[in-house]
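In case you want the letters, here they are:
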Amino acid sequence: MAKFDLTDDSVVVVIGSGAGGGTLSNELAQKGINVVCLEAGGRYENSDFINDEWDSFAQLAWADMRTTSGSWRVAKDFPNLPAWIVKAVGGSTTHWAGASLRFQDHEWKARTTYGDVKGAALIDWPIDGAEMAPWYAKAEDKMGTTGTNGIPRLPGNNNFKVLHAGATKIGYKEVHTGNMSINSQPRDDRTSCHQLGFCFQGCKMGAKWSTLYTEIPKGEQTGHLEVRPNSQVLQIEHNAKGKVTGVVYADKEGKLQRQAARLIAVAGNSIESPRLLLNSHSTMFPDGLANGSGHVGKHYMRHTTGSVYAVFDKPVHMYRGTTMAGIVKDEARFDPTRGFVGGYEMETLSLGVPFMAAFLNPGAWGRDFTWFLDRYDHMAGLWIVGEDMPQESNRITLSPDKKDAFGMPVANVHFDDHPNDVAMRTHAYKQGAAIYDAVGALKTFATPPYPSTHNLGSNRMSEKPADGVVNKWGQTHEVKNLFVSDGSQFTSGASENPTLTIVALAIRQAHHVAELMAKNEV
Amino acid sequence: MRIIDKVTRVDRRGFLKTTAGAAAIAAIAPATSGSALAGPLSTVSADGAATLVKMARDIYPHDRLADSFYRTAVTTIDADVVASKSATLLSDGVKALDEAAQKLKGTRYVDIADESDRLAALRTIEGSAFFAKMRGSLVTALYNQKELWPKLGYEGSSFDKGGYIERGFNDIDWL
Ligand SMILES: Cc1cc2nc3c(=O)[nH]c(=O)nc-3n(C[C@H](O)[C@H](O)[C@H](O)COP(=O)(O)OP(=O)(O)OC[C@H]3O[C@@H](n4cnc5c(N)ncnc54)[C@H](O)[C@@H]3O)c2cc1C
Ligand code: SF4
């Protein structure tokens, strides 16, 4: 395994080891480029994962303080937990469910397709479906996505069977077990899914793709990648020419270290990435690095989400088997006659008793609430994931008074729903309930959005430097050798779960970075 | 379809019809009865403790659950309060709840026989830090008890049992 010197200024420093950072690190290493990947969290292997919701959360989740503001319900119920994401090697790909969907072509052109939506800061992506198609294909092959590359889809579990029966009964056509980056048969030296039902807690079988046990060890095997866990980057430094030169990070003893770099890629997920750029202010960059246009931290998106849980007369046992076991795609289309632009997917979801108690209806108590939990094994559930509107005021900022253990200001997450988000969620709740009513639900319940699992858009990609933070390659408009490699690049959210797109963008970015380096342009 | 027996029952045939396995066995394990706590609480008297147990059940009522689950939860919350700097939160809260009960029904909270009358008393303190602490902490102190999960039909950890691939992940038979 490679080990690079702190003063080695020929290395690429990648910040974060999740979907974006882990993939980029491996892709660069495969091309013979030396990479130091700094990861704030610890390194746990499959055997360390715990089949227990709260214990696993304590092991893997980002629990360091964050603050919230705005009218979203999360700010009231979970004021210090705006997002449910991971702080560990592998990032949120340890927790993720595996749903891997391509954007629809029109979603790359949200402004053009949806027109001028009042209060929304929509722009088009500077790339399109045709350009992304080959990168998507590489990502699906890498991740072993079912329903692509001749890989069979997963078998449906009980939760899926209920969804399928209800959805087809009310006329939905595109209902299947999804495109999942979970092995339905052994592949890539990993076994197939044993239907544990703990996908959100780290897949102990290794059937589900995670950078932790795919990209990262593969990169390490090349001798060109060094991953340093327990290393939180606090600041990115630059020289008088405005090029970045290295990072200051706190190591596992909490000691500050300085790692030099030729090029830096930020992939800390959409709350931490802008936090780090904002915290890297200097006299040359008074508002933070790459923030000349003032867009760093703005246009934070989290998908329009919500869940519908239904209780039936007879048992379901929804928790058995893959957590996200199937999908209804019919509502993902663009059809403003429904009263909103953009579309949404409905995907099965299950929580165990501990999380169900916490998230079904936060703050609720009494018999109306326990009626559902008493019938936990008779429940089926789905999750709504739809495109939310980017808004300038939905934003990551540095807390003026709260600091973390290393003295770094914590991130504040401000979010208000756009009226389009509300209209979409209302529609989706109704359709979700209709699916279950069609197969005899005794009662359905509309669960409010959980703390954000999809965090996007806070360093958005734009054609013009005045409209965003990075260009079509994820390279910051302002600093040539500084890149953003995670979901914070998203110009708009689309209706699909984001990770396949994050991975495809990272593969493409690695290709471009290697070219720039070879031509000595960075 | 493989079912989890959620009900505490002595009917042997009912038991035999359900699957063996840790979950099912835990589900039929005898519920402890009686009203004594496992041990005394640190921040409330024995009387106060009984009030908290009753209150816990009224907040998250599950008729199927024995008092022992609520007692364990209250003990957890008490330990939590000891560690924090608000050691009188629970004892003051019990006092306030009893005062509310006195006002409404002329008796202590635990002595109000009717659940809806107790709820009326509870609602008068719903906005208090005490209520918030009790309700908020119960979410984990109650529902994160592993022994409770099978009572609600949840089987917990599955890796150690080979997952559900051979244990009914797709065994629904009534659709
Ligand atoms: C429960 C759950 C289910 C999900 N299911 C799906 C799904 O089915 N499909 C899908 O597409 N997506 C899913 N997601 C979302 C998916 O996990 C994320 O979109 C994706 O992992 C984001 O990639 P990222 O690279 O932006 O960040 P992450 O994967 O979160 O990685 C960021 C990493 O950077 C590290 N980091 C942050 N700041 C610093 C710093 N200053 N220094 C060093 N390291 C730092 C973090 O510790 C973290 O490990 C799910 C997420 C969750 C939580
Ligand atoms: S259900 Fe499948 S993917 Fe999910 S944790 Fe189990 S083996 Fe892994």
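So, a few notes on the structure that sits alongside this text. (Residues numbered from 1 in each chain as written. Chains lettered and ligands numbered in written order. Predicted model: local features only at pLDDT ≥ 70, side-chain atom pairs only at ≥ 80, totals over all residues. Heavy atoms only, no water.)

**Some words on the overall build of chain A**
Each helix and strand counted, chain A has twelve helices and 17 strands in total. Its C-alpha radius of gyration of 22 Å places chain A within 12% of the 24 Å reference for a compact globule of 522 residues. When its C-alpha atoms are laid out on the principal axes, chain A stretches across 70 × 50 × 45 Å. Here chain A holds 522 residues, and 68% of them are scored as buried. If you take every contact in chain A between residues at least 6 apart in sequence, the share linking residues at least 24 apart comes to 75%. Just so you have it, chain A exposes about 16400 Å², and 51% of that area is on carbon and sulfur atoms. Here chain A contributes 51 positive and 56 negative side-chain charges, whose respective centroids are spaced 1 Å apart. (Helix = DSSP H or I, 4+ residues; strand = E, 2+ residues; numbered from the N terminus. Rg over C-alpha atoms; globule rule 2.2 N^0.38 Å. Buried < 20%, exposed > 50% of the residue type's maximum accessible area, 1.4 Å probe, protein only. Contact = heavy atoms within 4.5 Å. Areas by Shrake-Rupley, 256 points an atom, 1.4 Å probe, with all protein chains shown as cover. Lys, Arg positive; Asp, Glu negative; His and termini not counted. Charge placed at Lys NZ, Arg CZ, Asp CG, Glu CD.)

**A word on the site of ligand 2**
Residue and element names in this part refer to chain A. In the vicinity of ligand 2, the residues found are Ile-182, Cys-193, His-194, Gln-195, Leu-196, Gly-197, Phe-198, Cys-199, Cys-203, Met-205, Lys-208 and Thr-322. Among the cavities detected, the one that contains ligand 2 is the second largest cavity. Of the residues belonging to the shell around ligand 2, the class tally is seven nonpolar, four polar and one charged. (Near = heavy atom within 4 Å. 1 Å grid on protein atoms, 1.4 Å probe; cavity = no way out; pocket = protein on both sides within 12 Å on 5 of 7 lines; lining within 4 Å. Sits in = over half its atoms within 2 Å of the grid points. Nonpolar A, V, L, I, M, F, W, Y, C, P; charged D, E, K, R; others polar.)

**Regarding the site of ligand 1**
Residue and element names in this part refer to chain A. Taken together, 39 residues are adjacent to ligand 1, and Gly-20, Glu-39, Ser-92, Asn-269 and Thr-499 come closest. In this structure, an oxygen atom belonging to ligand 1 sits 2.6 Å away from a side-chain N or O atom of Ser-92. Between ligand 1 and Gly-98, the relevant distance is 3.1 Å, taken from an oxygen atom to a main-chain nitrogen or oxygen of the residue. About the coverage of ligand 1: the protein hides 98% of its 990 Å² of free accessible area. Spatially, ligand 1 is embedded in the largest cavity. Secondary structure elements with two or more residues in the shell around ligand 1: α1 (19-30), β6 (232-238), α8 (269-279) and α12 (499-518). Tallied by class, residues from the shell around ligand 1 come to 17 nonpolar, 18 polar and four charged. (Polar contact = N/O pair within 3.5 Å; in protein donor to acceptor, adjacent residues only side chain to side chain.)

**Thoughts on empty space enclosed by the protein**
Residues and elements named next belong to chain A. In the structure shown here, the tally under the stated rule is five cavities of 30 Å³ or more. By volume, the largest cavity is sized at about 800 Å³. In terms of lining residues, the largest cavity is bounded by 49 residues, among which Ile-85, Val-86, Gly-91, Ser-92 and Asn-269 are the most central. Elements that contribute at least two residues to the lining of the largest cavity include exactly α1, β6, α8 and α12. Considering each element in turn, the lining of the largest cavity owes the most residues, four residues, to α8. For the lining of the largest cavity, the class distribution of residues is 24 nonpolar, 21 polar and four charged. Counted as a void, the second largest cavity has a volume near 100 Å³. (Points joined across faces, edges and corners; volume = space filled by probe spheres on them.)

**A short note on the pattern of salt bridges**
All names here are of chain A. For the structure shown, the criterion picks out 40 salt bridges over all chains. Note that Lys-472 and Glu-131 form a salt bridge whose closest N and O atoms lie 3.8 Å from each other. With Lys-472 in the loop between β16 (443-447) and β17 (482-484) and Glu-131 in helix α5 (residues 129-143), the pair connects residues that are 341 residues apart, well separated along the chain. Residue Lys-472 is classed as partly exposed on the basis of its relative accessible area, which comes to 28%. Measuring nitrogen to oxygen at the nearest pair gives 2.9 Å for the salt bridge that ties Lys-218 to Asp-188. With a gap of 30 residues between them, Lys-218 in helix α7 (residues 215-221) and Asp-188 in the loop between β4 (175-176) and α7 connect regions that are remote in the sequence. Among the ionic contacts, a cluster of salt bridges with common partners joins Arg-66, Glu-272, Arg-275 and Asp-404. (Salt bridge = Lys/Arg side-chain N within 4 Å of Asp/Glu carboxyl O.)

**Structural notes on the sheet that holds strand β7 (residues 244-250) of chain A**
Residue and element names in this part refer to chain A. The strand order across the open sheet formed by three strands is β6-β7-β8, and the pairing between neighbours is antiparallel. Each edge of the sheet is formed by a strand with only one pairing partner; in this case those strands are β6 and β8 (256-260). Direction aside, the axes of adjacent strands within the sheet are offset by 25° on average. (Pairing = 2+ DSSP bridges. Axes fitted to C-alpha atoms, helices over the stretch in contact; angles between N-to-C directions.)

**Thoughts on the pairing of strand β15 (residues 409-414) of chain A**
Two faces, one strand: in a regular strand the side chains alternate between the faces of the sheet. Residue and element names in this part refer to chain A. Counting buried positions along β15 gives five out of six residues, so the element sits mostly inside the fold. Summarising the sheet, strand β3 (residues 67-69) and β15 pair through three bridges and their orientation is parallel. Its bridge partner being in β15, Thr-67 is matched across the sheet by Asn-412. Summarising the sheet, strand β14 (residues 395-403) and β15 pair through five bridges and their orientation is antiparallel. Within β15, the residue paired with Thr-397 across the bridge is Asn-412. Connecting the antiparallel pair β14 and β15 is a turn made up of five residues, with Gly-407 showing a positive phi of about 80°.

**Focus on helix α2 (residues 53-60) of chain A**
Residue and element names in this part refer to chain A. Every buried residue belonging to α2 is among Glu-53, Ser-56, Phe-57, Gln-59 and Leu-60, and all of these are buried. All buried residues of α2 fall inside an arc of 165° around its axis, so they share one side. For α2, the N-terminal cap is Asp-52; the gap from its side-chain oxygen to the backbone nitrogen of Trp-54 is 3.3 Å. (Arc of directions from axis to C-beta.)

**Observations concerning the sheet that holds strand β12 (residues 344-348) of chain A**
All names here are of chain A. One open sheet holds the six strands; their spatial order is β4-β11-β12-β13-β10-β16, and the pairing between them is antiparallel. Each edge of the open sheet is held by one strand with a lone partner, namely β4 and β16. By the bridge criterion, five bridges tie strand β10 (residues 304-311) to β16 in an arrangement that is antiparallel. Bridged to Tyr-309 within β16 is Phe-445. Running at roughly 20° to β10, helix α11 (residues 419-437) makes contact with β10, β11 (327-328), β12, β13 (379-386) and β16 of the sheet.

**A look at the nonpolar core**
The biggest cluster of nonpolar side chains holds 146 residues, and the ones touching the most others in it are Phe-312 and Tyr-436 of chain A together with Leu-52, Met-55, Leu-122 and Tyr-143 of chain B. Apart from the residues lying within four places of it in its own chain, the contact partners of Leu-122 of chain B are Trp-365 of chain A together with Met-55, Asp-58, Ile-59, Leu-97, Tyr-109 and Phe-131 of chain B. Counting 53 residues, the second largest nonpolar core, distinct from the first, contains Val-11, Leu-234, Ala-290 and Val-503 of chain A. (Core = buried A, V, L, I, M, F, W, Y, C linked by side-chain atoms within 4.5 Å.)

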